[in-house]
2 protein chains.
Amino acid sequence: MIGLEQIGEIARSTPSKIVLLVIDGLGGLPHPETGRTELESAKTPNLDRLAREGICGMIDPVSPGITPGSAPGHLALFGYDPLKFTVGRGVLEALGIDFDLKPGDVAARGNFCTVDAKGIITDRRAGRISTEECTHLCRLLEKVTIAGVEVFVSPVKEHRFVVVFRGKGLSSQLSDSDPQRDGLPPKAVSPLAAEAAKAAGIANEFIAKARAALADGYPANMVLLRGFAHYPDFPKMSAVFKIKPAAIASYPMYRGLAKVVGMKLLPTGATIEEEFFTLSANYDNYDFFFLHIKQADIAGEDGDFERKVRVIEEVDRALPRLIDLDPDVIIVTADHSTPAVLKGHSWHPVPFLLRSKWCRRDAVEEFSERACASGALGRFPATEVMPLALANALKLTKYGA
Amino acid sequence: MIGLEQIGEIARSTPSKIVLLVIDGLGGLPHPETGRTELESAKTPNLDRLAREGICGMIDPVSPGITPGSAPGHLALFGYDPLKFTVGRGVLEALGIDFDLKPGDVAARGNFCTVDAKGIITDRRAGRISTEECTHLCRLLEKVTIAGVEVFVSPVKEHRFVVVFRGKGLSSQLSDSDPQRDGLPPKAVSPLAAEAAKAAGIANEFIAKARAALADGYPANMVLLRGFAHYPDFPKMSAVFKIKPAAIASYPMYRGLAKVVGMKLLPTGATIEEEFFTLSANYDNYDFFFLHIKQADIAGEDGDFERKVRVIEEVDRALPRLIDLDPDVIIVTADHSTPAVLKGHSWHPVPFLLRSKWCRRDAVEEFSERACASGALGRFPATEVMPLALANALKLTKYGA
């Protein structure tokens, strides 16, 4: 496949506009009674119209058979090979709470846990303390100071928190302190590369001081850290694709992923209607829009087939606002499937439609898994979505003479 | 995908014959009035027969969304990954005028330009002098001598020419002398690698002597060079695929590309009928034929939908001559799409058909973009055409035990 560098050489800035509408977890599986997927069950006259006027296919977010997390699913749609461009656990955790990571920051996922008098872990989750308690304890930990480094501690949910070290020359090549089971003491954080010795010392100093600060915190009297990761320094979409990209997403994780690739984050209301309104309100100022609808994925994760159907129908009702803007390229797809019957992400390819003046329309008459599987785009990797989008917006010049 | 080396290990020479018919720029887009592409508008009983008797699909010449130039489009069809096997600008320019490049040659694209008394460029194209004037000036420049190197200067068109340096140990890692805009002096050619110092010296000496030779040539009183490139030393098709390949092409660029991969260039008349006649006349002497039809691409580039339709129909009328030879494998496809409505190459996948005794026929009833999109070969990279051709000619043994 063509790489970002090669794309960068043929991409050019033009006034044409692209809207990438991602209905998170859109792909589904048939309802056992009706034999129809969520998308096939929903009444979607506007999506069907776009499918009729466009060209369809099925995308594999990461690779056939692979169930993607949110990060690889989205990075692939943004044109970044998710097997090459990886985002570490600690960073994802920080992005998920809207923490404003800077280049060079090292983030880790933290658990509050319980240790006995000998320092042996008796509960890796400290009895799943409340989020309120977690927030209180994070405030305590924020008082920990380490020479030459800024330390940030932010609550996530229940026993989970994020710690971020900000300073010069910090490596993230660090082992976990979490032994991943009870009955053992926390491990010392070790450097996994020569240059990580300083960062390991800082992590261990933080852990020691956290233990002291939490001495009276039973059951949350210790911390476990894992997934140390650097905020990634990915090429920016504006530099690679010569576009001015904006993200409309109401969930922190997706805003974070959009930030990683250099999109401008547009303030938006959280409902589907509000997100479409944000698109209209900012339409003149950017030439690429990532519009993220989270609700379908949540319904899928909850195993709520009917709610997922209703979310899809709500998106469909909001679509005319987008269609009326008449972007040069409209793409509707997802980052992965979340079939309600599986109550979670899955490996199934994702329906994809692209409408543009130059798309070479196919015979597909409706937007559904079954119909898209017979679309003229066939089945293809999600990393090819951006080249296709740019091509259809006439933003790519010829490769080779 | 399987690489050339691996193919080389399983390829074997057999008497079976393959004809690869490339209708340059064949793929199209619907006419706004009829909704049918050029190929869908043309009456093509013979192509439709081959589609019925064969197996069809759609190929991506370089990568989805990428608009290929002639070189990457053809190299992919010949089995060479166009993202790995690249041909430099200077070499393409030389191939385009049938210049007989040898291994080791360094070629550059030249412009005649105008400089003022201070040596500042006032017109990068010297007022687009006539091709006759260009030819005359190239003869002047051919008198430039440089110790230890042969220098060839050949006119291309208007202000464009090609310069070729032939000598031992010349690197092509050289910067352009063309600053790409007026108002600046030409740049000195610099070595981009340590071993290129000698070649840079030669290029700069040529430029200085050219300036002296052109002193009275106003407006063409200076030269600009760019795109220095080595004649590529690609593996030859005969060595990799164990075939004896011949090319029938009436345009220099395609003969040049065929030469780069080691095909024998057959002398031919320029009409479609004459090219098919050349195939018949040489049929016994080779086992692989690349038959190139340029006219469809030209009509597409001209935006002449009707002419492109007529070219396709003319190819169809000539086809029985090919079919009567009864090659073991017939392939009809293109190097890229050139939709008349876009007046240029495009990124759209290209219809593909393969007929052989062993092809596992599919349900496709006609040769068209729409029909091929539902073919059993699906959508696949053009680099897989050669393995498919060889397999269907029973020229590949088993991979692995």
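Since we're looking at a predicted model, the values are computed, not measured.

Another aspect to go through is the overall build of chain A. Summing up its helical and strand segments, chain A has 14 helices and 13 strands in all. In summary, chain A has a C-alpha radius of gyration of 23 Å against a globular reference of 21 Å for 401 residues, a match within 12%. In terms of principal-axis extent, the alpha carbons of chain A reach across some 70 × 55 × 35 Å. In chain A, which comprises 401 residues, the proportion classed as buried is 58%. A separation of at least 24 residues holds for 74% of the contacts in chain A among residues at least 6 apart in sequence.

With that settled, the discussion passes to the sheet that holds strand β10 (residues 288-293) of chain A. Remark on secondary structure: sheet strands pair via backbone hydrogen bonds, oriented parallel or antiparallel. Residue and element names in this part refer to chain A. With mixed pairing, eight strands are arranged side by side in an open sheet as β9-β8-β10-β1-β11-β12-β2-β13. Of all the strands in the sheet, just β9 (264-265) and β13 (379-381) have a single pairing partner and so form its edges. Sheet analysis places strand β8 (residues 245-248) next to β9, joined by two bridges and oriented parallel. Pairing of A246 across the sheet is with K264, part of β9. The sheet contacts of helix α3 (residues 45-53) involve β2 (55-60), β11 (329-333) and β12 (350-356), and relative to β12 the element is tilted by about 65 degrees. Where helix α4 (residues 70-77) meets the sheet, it contacts β1 (18-23), β2, β10 and β11, and its direction lies at approximately 160 degrees from that of β1.

Before going further, it helps to spend a moment on the relation of the copies chain A and chain B. For the pair chain A and chain B, the relating rotation is 124 degrees, the translation along its axis is 0.1 Å, and the fit reaches an RMSD of 0.2 Å. Interpreted geometrically, this transformation is the action of a three-fold axis.

Residue and element names in this part refer to chain B. This model, assessed by the stated rule, comprises one cavity of 30 Å³ or more. Taken as a whole, the largest cavity encloses approximately 40 Å³ of empty space. Around the largest cavity sit M1, I2, G3, L4, I7, G79, F241, T383 and P387, which together line it. The residue inventory of the lining of the largest cavity, partitioned by class, reads six nonpolar, three polar and no charged.

Moving on, we come to the sheet that holds strand β13 (residues 379-381) of chain B. Residue and element names in this part refer to chain B. Ordered by their spatial adjacency, eight strands build an open sheet running β9-β8-β10-β1-β11-β12-β2-β13, and the pairing between neighbours is mixed. A strand with exactly one partner marks an edge of an open sheet, and here the two such strands are β9 (264-265) and β13. When strand β2 (residues 55-60) meets strand β12 (residues 350-356), the two strands line up antiparallel, connected through five bridges. The partner of I59 across the bridge, within β12, is V350.

Okay, the packing of aromatic side chains next. Residue and element names in this part refer to chain A. Evaluated as defined, the whole model comprises 20 aromatic pairs over all chains. Judged by centre distance (4.9 Å) and plane angle (75 degrees), the rings of F78 and F290 are edge-to-face. Of this pair, F78 sits in the loop between α4 and α5 (89-95) while F290 sits in strand β10, and the two are 212 residues apart along the sequence. According to the relative accessible area criterion, F290 is buried, its value standing at 0%. Pairwise contacts between aromatic rings join Y80, F85 and F234 into one cluster. Sitting above the plane of the Y283 ring, K17 keeps its charged end 4.9 Å from the centroid.

Residue and element names in this part refer to chain B. Look at helix α12 (residues 305-325): 31 Å from first C-alpha to last across 21 residues, which is about the 30 Å you get at 1.5 Å a residue. Taking the largest bend as the criterion, α12 deviates by roughly 35 degrees, centred on A318, and proline P320 comes between one and four positions later. All of the buried residues in α12 are F305, K308, V309, V311, I312, E313, V315, D316, A318, L319, L322 and I323. Backbone geometry just downstream of α12 places D326 in the positive-phi region, at approximately 55 degrees.

Okay, the nonpolar core next. Counting residues in each nonpolar core, the largest one holds 112 residues, and the members touching the most others are L21, Y80, M237, F241 and F276 of chain A. Tallying contributions element by element places helix α12 (residues 305-325) of chain A first for this core, with nine residues. Setting aside its immediate chain neighbours within four residues, F276 of chain A contacts L21, L291, I293, V315, A318, L319, R321 and L322 of chain A. Ranked by size, the runner-up nonpolar core spans 96 residues in total, among them A246, Y283, A296 and C359 of chain B.

Counting residues at the interface gives 23 residues for chain A and 30 residues for chain B. A combined buried area of about 2,100 Å² lies between chain A and chain B, and 64% of that area is made up of carbon and sulfur atoms. When the area that chain A buries against chain B is broken down by residue, the three leading residues are R360, Y399 and A401 of chain A, summing to 39%. At the boundary of chain A and chain B, one finds zero salt bridges. For the interface between chain A and chain B, the tally reads eight residue pairs in polar contact (both at pLDDT 80 or more). Ranked by the residues each element gives to the side of chain A that touches chain B, the list is headed by helix α14 (residues 385-392) of chain A, at four residues. Counted by class, the side of chain A that touches chain B contains 16 nonpolar, four polar and three charged residues.

Another point: the environment of A393 of chain A. All names here are of chain A. Take A393: it is sitting in the segment after α14. As for A393 and S13, which are separated by 380 residues in sequence, their C-alpha atoms are 10 Å apart. Discounting residues that sit within four places of it in the chain, A393 has contacts with T14, S16, I18 and V329.

A contiguous nonpolar surface patch, about 270 Å² in accessible area, is contributed by V341, L342 and W347 of chain A. For L342 of chain A, the position within the fold is in the loop between β11 and β12.

Each pair of packed helices gets described by two things: the angle between the helix axes and the distance between those axes. Residue and element names in this part refer to chain A. Direction vectors running N to C along α3 and α12 enclose 60 degrees, while the axes themselves pass 7 Å from each other. In this view, α3 runs oblique relative to α12, as classed from their interaxial angle. Side by side, α3 and α12 meet where P45, N46, L47, R49 and L50 of the first sit next to I312, D316, R317, L319, P320 and I323 of the second. Its residues assigned to classes, the contact of α3 with α12 comprises seven nonpolar, one polar and three charged.

A few words now on the side chain of S172 of chain B. All names here are of chain B. Tracing the chain through its elements places S172 in the loop between β6 (160-166) and α7 (197-213). Looking at S172, its side chain comes within polar contact range of the side chain of H230, at 3.3 Å. Residues within four places of S172 in sequence aside, it is in contact with V106, F228, A229 and H230.

Looking now at α7 of chain B. Residues and elements named next belong to chain B. With 17 residues, α7 extends 24 Å between its outermost C-alpha atoms, agreeing within 8% with the 24 Å of an ideal straight helix rising 1.5 Å per residue. Taken as a whole, α7 has its buried residues at A199, A200, I202, A203, F206, I207 and A210. Buried residues of α7, viewed axially, fall in a sector of 160 degrees; they line one side. Of the surrounding secondary structure, the elements contacted by the buried residues of α7 are α6 (131-141), β5 (150-157), β6 and β7 (222-230).

Calculation notes
Residues numbered from 1 in each chain as written. Chains lettered and ligands numbered in written order. Predicted model: local features only at pLDDT ≥ 70, side-chain atom pairs only at ≥ 80, totals over all residues. Heavy atoms only, no water. Helix = DSSP H or I, 4+ residues; strand = E, 2+ residues; numbered from the N terminus. Rg over C-alpha atoms; globule rule 2.2 N^0.38 Å. Buried < 20%, exposed > 50% of the residue type's maximum accessible area, 1.4 Å probe, protein only. Contact = heavy atoms within 4.5 Å. Pairing = 2+ DSSP bridges. Axes fitted to C-alpha atoms, helices over the stretch in contact; angles between N-to-C directions. Least-squares fit on C-alpha atoms with pLDDT ≥ 70 in both. 1 Å grid on protein atoms, 1.4 Å probe; cavity = no way out; pocket = protein on both sides within 12 Å on 5 of 7 lines; lining within 4 Å. Points joined across faces, edges and corners; volume = space filled by probe spheres on them. Nonpolar A, V, L, I, M, F, W, Y, C, P; charged D, E, K, R; others polar. Phe/Tyr/Trp six-rings, centres within 6.5 Å; stacked < 30°, edge-to-face > 60°. Lys NZ or Arg CZ within 6 Å of the ring centre and 35° of its normal. Expected span 1.5 Å × (residues − 1). Bend = angle between axes of the 7 residues up to and from the residue. Core = buried A, V, L, I, M, F, W, Y, C linked by side-chain atoms within 4.5 Å. Buried area = accessible area lost by both parts, 1.4 Å probe. Salt bridge = Lys/Arg side-chain N within 4 Å of Asp/Glu carboxyl O. Polar contact = N/O pair within 3.5 Å; in protein donor to acceptor, adjacent residues only side chain to side chain. Patch = residues over 30% accessible without salt bridge, like charges linked within 9 Å, V, L, I, M, F, W, Y side chains within 5 Å. Areas by Shrake-Rupley, 256 points an atom, 1.4 Å probe, with all protein chains shown as cover. Parallel < 35°, antiparallel > 145°, perpendicular 65-115°, else oblique. Arc of directions from axis to C-beta.

Nothing here speaks to function; it is all geometry.
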